[in-house]
Amino acid sequence: MSIDIHVYPSLLTLVPMLFAPLFLLFRTKVIHKILATLTVLLDLLIIYKLMLAMPIDEYTGGWILRGIHLRFDNLSLIYTLLFVTVIGTSWISSFKKNYPPLFYFLTSILLSTLNTSAITLDLFNIYVMLELSSIIAYILIAMKENWKHLWASLKYLMISYFAFTMYLTAVGLIYMHTGTLDITRISGEISPIIASMLIVPLLLKSGVFPVSMWLPAAHSLAPTEVSAILSGSFVKMGSIVIFRLTSTPILKHAYIPITFIALLSALIGVILAYNESNVKRILAFSTISQMGFVLAGGPIYGSLHAFNHGIFKSLLFFTVGDQVEETGHYDIKALKHAKFPMYRYIFLLIGILGIAGVPLFSGFISKSIIIHHMPLYGKIALILASIGTVASMAKLASIGYRKSILKIPSHYLIFATITVFVGIKYINYALSSWALIESFIVIAIGLAIFLMLHPKHIPRILEKLDIMVIEYMLTLISMWAILYIQR
Amino acid sequence: MMFYIAALSLIGIGLYVVLTKKNLVKVLIGISIADSGVNLLLISVGYLKGGTAPILEKGLNKPMVDPVPQALVLTAIVIGVATLALAMAVVIDVKRHFGTVELDKVIKMMRGGDGSDA
């Protein structure tokens, strides 16, 4: 028996959005579990149905060429699958803890906005999704009601409110020049200043180095599930919009400055991660570095790495976050006394092997494909960043384990299975003797650095609010300058 | 043309305030001014001298203003208000905790705490 239902891309927005208020109406845990399961299953069903008929174009309200243009294609498929996996699994984990109904309401709406950002082609619609998801993120970060969280949240709020105002200006100017908001139908020439005002806020959202210094505080202070959602799915939103914009002929040239910023971010991210002693901040800085890999990879390979990174970074944030919540220590020295329980350490290792790019794990595939397709300077920068990743992740592995009863938490298992499954199933795409040798050399040098080089404390001057505004303006100006020279 | 000058100068004032002021409330006011400037800019994109409201009715022979920017600005205003309200709520909490909303003093006090974040 087959059920024949007609699906539209807009259902990906509507379903989680309609389920969200139900989480606030019914406040018992059993109903929350049922609602969460229904949301995830319906979302997966819609993605599956859409996948069979890919690519689908939809204009909302049936207004051909006038309504909001939505499109479901390969890029949307990868991203929507990632979003629903990360948020669904975080829900599984959150049922074991005491989260207020507000958490489920907000994350359900967040799922809706993330899905929308993966299918929309309308510049203004993207603005609404950027703002809405950020508002949700501010509340999620500050949910613990501690002044530190409040401050992290406020810093992020100020800088991104400022940035998105600029994005809106650019959207208005583009509408003035071209008379359309549809990415695929923008024609003519976009001046360098407008292009950089459009792209730099998206870079801020996607967590790359000079503009995203809000990220370490926000991601490391948030509760475990929220950290996983932020690092696994939320920061990916900017990258998909950048991929959409730069695959149009009119903004294609903007990819060169974006690649430079991405490579810089990949390098600086691991340097900061290696010299950090707070375990959750190590993971946050490594996100900055890995988002550099994603953006340097471009739409095809970068989206693969975005998926893989979302999965293993969520696994890492879950294992480390649970440990931090259990022991109350953030510092790596204090954690070395407490040590990981055995079962958690195994899952931590799977995540580390994934992010370090060891063969048979998912990170190996996307990383080596991205490195293979870069020009020489990009290859050198990304290999150096991979070495740094191995060194900083070896710090986490050095915490060690103690014997304990064997448990297999289902949320760890889901992420670990995907990491290994992708790594084994698609290994043919990346497997070559060169890639194997390269990955082993990277791991060897990374471990050598970890053993020989002692981390130094780096002051957190780049994360001050007023410095962040200056960093933002500098990135904007340098982006504008590069685009201007290119023209 | 006058609208564009007004909008751009509002954005400029907002930018100046954000870059120079250290008081959190003043910074928020600055962003809000820039926000209004952007809204004015968007509205003036669709403005037509002597145009009527974009509503279809019988016997309409005057040109209409562009309805799209108006729809956009309506949404942008709502988002701006929501963000501003949330930011103000957080600033009130900062004031309660630190007794000040000056950026420099807050950062200095945070250093005095356990020194981890600023």
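Conventions we followed
Residues numbered from 1 in each chain as written. Chains lettered and ligands numbered in written order. Predicted model: local features only at pLDDT ≥ 70, side-chain atom pairs only at ≥ 80, totals over all residues. Helix = DSSP H or I, 4+ residues; strand = E, 2+ residues; numbered from the N terminus. Buried ≥ 20, exposed ≤ 12 C-beta atoms within 10 Å, placed from the backbone. Contact = placed C-beta atoms within 7 Å. Domains from an automatic or database assignment. Nonpolar A, V, L, I, M, F, W, Y, C, P; charged D, E, K, R; others polar. Expected span 1.5 Å × (residues − 1). pLDDT = per-residue confidence, 0-100. Core = buried A, V, L, I, M, F, W, Y, C linked by C-beta atoms within 7 Å. Axes fitted to C-alpha atoms, helices over the stretch in contact; angles between N-to-C directions. Parallel < 35°, antiparallel > 145°, perpendicular 65-115°, else oblique.

Draft legend 1. Summary view of the overall build of chain A. When its secondary structure is counted, chain A shows 19 helices and 4 strands. Referenced to the eigenvectors of the C-alpha coordinate spread, the extents of chain A come out at roughly 65 × 55 × 50 Å. By the burial criterion, 57% of the 487 residues in chain A qualify as buried. Taking the contacts inside chain A whose residues are at least 6 apart along the sequence as the reference set, 80% of them involve residues at least 24 apart.

Draft legend 2. Up close: the domain arrangement of chain A. All names here are of chain A. Considered domain by domain, chain A is made up of domain 1 (1-120) and domain 2 (158-486). A C-alpha centroid distance of 24 Å is found between domain 1 and domain 2. Each side of the interface is counted separately: domain 1 has 18 residues, and domain 2 has 25 residues. Elements with a minimum of two residues in the side of domain 1 that touches domain 2: helix 3 (74-94) and helix 4 (101-119). Per element, the largest residue contribution to the side of domain 1 that touches domain 2 is 13 residues, and it comes from helix 3. Taken together, the residues that form the side of domain 1 that touches domain 2 break down as 10 nonpolar, 8 polar and no charged.

Draft legend 3. Representation of the interface of chain B and chain A. Listed as interface residues are 28 residues of chain B and, on the opposing side, 30 residues of chain A. Listed by contribution, the elements that provide at least two residues to the side of chain B that touches chain A are helix 1 (2-20), helix 2 (24-45), helix 3 (67-98) and helix 4 (103-112) of chain B. When residues in the side of chain B that touches chain A are grouped by element, the largest group, 13 residues, is from helix 3 of chain B. Here the residues of the side of chain B that touches chain A are counted per class, giving 22 nonpolar, 3 polar and 3 charged.

Draft legend 4. Spatial organisation of unusual backbone geometry. All names here are of chain A. Although it is not a glycine, Lys339 adopts a positive phi angle of roughly 65°. Looking at the element boundaries, Lys339 is found in the loop between helix 13 (332-338) and strand 3 (340-341). Classification of Lys339 by C-beta neighbours within 10 Å gives partly exposed; the count is 17. For Leu360, which is not glycine, the phi dihedral falls at a positive 80°. For Leu360, a count of 13 C-beta atoms within 10 Å corresponds to the partly exposed category.

Draft legend 5. Representation of helix 2 (residues 29-52) of chain A. A rise of 1.5 Å per residue sets the reference length of helix 2 of chain A, with its 24 residues, at 34 Å; its end C-alpha atoms lie 35 Å apart and thus fit the reference within 8%. Three or more residues of helix 2 of chain A are buried, namely His32, Ala36, Thr39, Val40, Asp43, Ile46, Ile47 and Leu50 of chain A.

Draft legend 6. A look at the confidence of the model for chain B. All names here are of chain B. Residues at a pLDDT of 70 or more form 92% of chain B, whose mean pLDDT is 82. Mean pLDDT values over the elements of chain B span from 73, in helix 4, up to 89, in helix 2. Reported confidences for the modelled complex are a pTM of 0.91 and an ipTM of 0.87.

Draft legend 7. Structural view of the environment of Met109 of chain B. Within the fold, Met109 of chain B resides in helix 4. For the pair formed by Met109 of chain B and Leu28 of chain B, sequence separation is 81 residues and the distance between their alpha carbons is 21 Å.

Draft legend 8. Expanded view of the nonpolar core. All names here are of chain A. Core analysis: the largest hydrophobic core is formed by 197 residues, its most contacted members being Ile141, Tyr167, Val171, Ile199, Ala218 and Leu315. Sorting elements by how many residues they give to this core places helix 12 (residues 279-327) first, with 23 residues. Apart from the residues within four sequence positions on either side, Ile141 is in contact with His149, Ala152, Ser153, Ala218, Leu221, Ala222 and Val226.

Draft legend 9. Geometry of helix 6 (residues 147-178) of chain A. Residue and element names in this part refer to chain A. Counted at 1.5 Å a residue, the expected span for helix 6 with its 32 residues is 46 Å, and the 46 Å between its end C-alpha atoms agrees. Within helix 6, 26 of the 32 residues are buried, which leaves it mostly tucked inside the rest of the structure. One or two positions beyond helix 6, positive phi appears at Gly179, with a value near 75°.

Draft legend 10. Just the packing of helix 12 of chain A against helix 15 (residues 362-372) of chain A, in detail. Residues and elements named next belong to chain A. Contact pair helix 12 / helix 15: the axes reach a minimum separation of 9 Å and the direction vectors enclose 170°. By the angle class used here, helix 12 and helix 15 are roughly antiparallel. On helix 15, the residues that touch Phe293, Ala296, Gly297, Tyr301, Gly302, Leu304, His305, Asn308, Ile311 and Phe312 of helix 12 are Ser362, Gly363, Ser366, Lys367, Ile369 and Ile370. Within the contact of helix 12 with helix 15, the residues separate by chemical class into 8 nonpolar, 7 polar and 1 charged.

Draft legend 11. The environment of Asp466 of chain A, seen in detail. Assignment of secondary structure puts Asp466 of chain A in helix 19 (residues 465-486). Asp466 of chain A sits 377 residues away from Thr89 of chain A along the chain, and the two C-alpha atoms are 37 Å apart.

Draft legend 12. Inspection of the confidence of the model for chain A at higher detail. When the pLDDT values of chain A are averaged, the result is 86; 99% of them are 70 or greater. Put simply, helix 13 of chain A is where chain A has its lowest mean pLDDT, 82, and helix 4 of chain A is where it has its highest, 92.

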